[in-house]
Amino acid sequence: KVEVFGSGIEFPDRTVCLARGSLTNMSRCATLLDRVAELRRPTLTAADFIDMDATEEAEWIEELCSRIEPPAEGAPAVCLLDTGVDADHPLLKPSFAKGALFAYRRDDSEDWGLRDHHGHGTKMSGTILYADLAHVLESTEQIKHHVWLESAKILPPKGSNPKELFGAITMDGVAQAELNSPQRNRVVCLATTAPKAKHNGTPSSWSATLDQIASGATDDVDRLIIVCAGNSESSTRGSFPDNVFTESIQDPAQAWNALTVGAYTD
């Protein structure tokens, strides 16, 4: 038995359709073999994994974990400044540097915790290590990680940071990572912006702090800092791409000495 889904996609000399059946059943059908030009495995998409139940997800994760090779001891690190990271996630744990979970504390009475209170930092960590996770899960190849992960939690679990502290909190996150492992080379990845801050391309206290950290103006240590460009306004996304010319990147992405990276999604 071979089950065919839908009517297929028509091309001038071919019809492409999705079918399910065993190789044994397909090989026994002479009429089918006479009409089929080729067989290909269907491409899995992210939606296929998102729709899985917890048991099936765990099986895929366990299989991938068996193929992960952690970074070499002397490999560089990516220090992620975000909402914290759930570093005990099985896909992240092998590549988290020792003692590399930090959080900002203004005083002894303030404790944000180290875990991810939002989910963004954990997802960003997965992107750093795996890029397209669906492709990695579908593959059968060994996965060699070339960077260690570090996490500096710079966003509070409740409320928001005072604007005047944005730069100081960012600097504190970088400093904690460097004090924990001063000999390790690292890239700093700032994955958050101030969406409503108007700058018109001029420096802000936050962007100026990034410039200072990156240039090593105060300590003669050059640093590579990658900062996200921010998000477009949700109310104008329907006018893409025209809104690209009317909206600016968000603070502190206008920093001169940092590398600003933008992205888009379908």
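Keep in mind it's a predicted model, so treat the numbers as computed, not measured.

1. What to know about unusual backbone geometry
Stage number 1. The step from Phe240 to Pro241 runs through a cis peptide bond, and the omega angle for that step is 5°.
Stage number 2. Structurally, the position occupied by Pro241 is in the loop between strand 9 (224–228) and strand 10 (259–261).
Stage number 3. A cis amide bond, omega 10°, links Asp251 with the succeeding residue Pro252.
Stage number 4. In this structure, Pro252 sits in the loop between strand 9 and strand 10.
Stage number 5. Phi is positive for Ala131, close to 60°, though the residue is something other than glycine.
Stage number 6. Inspection of the secondary structure puts Ala131 in the loop between helix 5 (120–130) and helix 6 (133–138).
Stage number 7. Classification of Ala131 as exposed rests on a relative accessible area of 57%.
Stage number 8. Located in the positive-phi region is Asp220, a residue other than glycine, with phi close to 60°.
Stage number 9. Turning to its location among the elements, Asp220 is positioned in the loop between helix 8 (205–215) and strand 9.

2. Considerations on the layout of surface pockets
Stage number 1. In this structure, the largest pocket encloses a volume near 1,600 Å³.
Stage number 2. Gly230, Asn231, Ser232, Ala263 and Tyr264 are, among the 39 residues lining the largest pocket, the residues nearest its centre.
Stage number 3. The set of elements that each furnish at least two residues to the lining of the largest pocket consists of strand 4 (77–82), helix 5, strand 8 (186–190) and strand 9.
Stage number 4. Looking at the lining of the largest pocket, its residues break down into 19 nonpolar, 15 polar and five charged.
Stage number 5. The calculated volume of the second largest pocket comes to roughly 820 Å³.
Stage number 6. Taken together, 23 residues make up the lining of the second largest pocket; nearest its centre are Val16, Cys17, Glu38, Leu39 and Arg40.
Stage number 7. Of all elements in the fold, only strand 1 (3–10), strand 2 (15–20), helix 1 (23–28) and helix 2 (30–35) reach the threshold of two or more residues within the lining of the second largest pocket.
Stage number 8. The biggest single contributor to the lining of the second largest pocket is strand 2, with five residues.
Stage number 9. Counted by class, the lining of the second largest pocket contains 14 nonpolar, four polar and five charged residues.

Rules used in this analysis
- Residues numbered from 1 in each chain as written.
- Predicted model: local features only at pLDDT ≥ 70, side-chain atom pairs only at ≥ 80, totals over all residues.
- Heavy atoms only, no water.
- Helix = DSSP H or I, 4+ residues; strand = E, 2+ residues; numbered from the N terminus.
- Buried < 20%, exposed > 50% of the residue type's maximum accessible area, 1.4 Å probe, protein only.
- 1 Å grid on protein atoms, 1.4 Å probe; cavity = no way out; pocket = protein on both sides within 12 Å on 5 of 7 lines; lining within 4 Å.
- Points joined across faces, edges and corners; volume = space filled by probe spheres on them.
- Nonpolar A, V, L, I, M, F, W, Y, C, P; charged D, E, K, R; others polar.

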